[in-house]
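# Secondary and tertiary structure notes
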Amino acid sequence: MEATAKATYVRISPRKVQIVLDLIRNQPCDKAKAILQHTPKAASEILLKVLNSAMANAETNNNMDVSRLFVSYCNVTAGPTLKRIQARAQGRAYRINKRTSHITITVKETED
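Source: prediction; values computed, not measured.

Rules of the game
Residues numbered from 1 in each chain as written. Predicted model: local features only at pLDDT ≥ 70, side-chain atom pairs only at ≥ 80, totals over all residues. Heavy atoms only, no water. Patch = residues over 30% accessible without salt bridge, like charges linked within 9 Å, V, L, I, M, F, W, Y side chains within 5 Å. Areas by Shrake-Rupley, 256 points an atom, 1.4 Å probe, with all protein chains shown as cover. Salt bridge = Lys/Arg side-chain N within 4 Å of Asp/Glu carboxyl O. Lys, Arg positive; Asp, Glu negative; His and termini not counted. Charge placed at Lys NZ, Arg CZ, Asp CG, Glu CD. Helix = DSSP H or I, 4+ residues; strand = E, 2+ residues; numbered from the N terminus. Axes fitted to C-alpha atoms, helices over the stretch in contact; angles between N-to-C directions. Parallel < 35°, antiparallel > 145°, perpendicular 65-115°, else oblique. Left-handed = near helix turned anticlockwise from the far one by under 90°. Contact = heavy atoms within 4.5 Å. Nonpolar A, V, L, I, M, F, W, Y, C, P; charged D, E, K, R; others polar. Buried < 20%, exposed > 50% of the residue type's maximum accessible area, 1.4 Å probe, protein only.

### What about a positive patch on the surface?
On the surface, a cluster of positive charge is made up of Arg 11, Lys 16, Lys 41, Arg 84 and Lys 98. One can find Arg 84 in strand β3 (residues 82–87).

### Looking at the packing of helix α1 (residues 14–24) against helix α3 (residues 42–62)
The description of two packed helices rests on the angle between their axes and on the distance between the axes. Running from amino to carboxyl end, α1 crosses α3 at an angle of 65°, the nearest separation of the two axes being 9 Å. Classed by the angle they form, the pair α1 and α3 counts as roughly perpendicular. Here α1 runs over α3; the crossing is right-handed. Here α1 contributes Lys 16, Val 17, Val 20 and Leu 21 to the contact with α3, which in turn contributes Ala 43, Ser 44 and Leu 47. Class assignment of the residues belonging to the contact of α1 with α3 gives a composition of five nonpolar, one polar and one charged.

### Topic: the environment of Ser 53
Counting through the fold element by element, Ser 53 comes out in helix α3. Overall, Ser 53 belongs to the partly exposed group, its relative accessible area being 32%. The spatial distance from the C-alpha of Ser 53 to the C-alpha of Thr 4 is 8.2 Å, given a sequence separation of 49 residues.

Below is the structure:
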């Protein structure tokens, strides 16, 4: 039995999210929450919301024990890129890519 939570079209680069996701992969949920609360990265706040949502889904929809949950699967994929232009010297224009992410976190109960 597992529970999943997704955040789509999040306005942060997938590379930045992947760094923090690697810290919480296969960790117990209470330890993963502590890691996210004390990691000074922009992605930590977003991932904490998704993790809390996955834990709430596990408890509400599947009647799982929250104290026995661990992060079984976490993934980030690139969403659509917003393309912007910045004016440069001599009439030129440089492109700025504002990247978005789709974040998925799945939690499972440990088998004892």
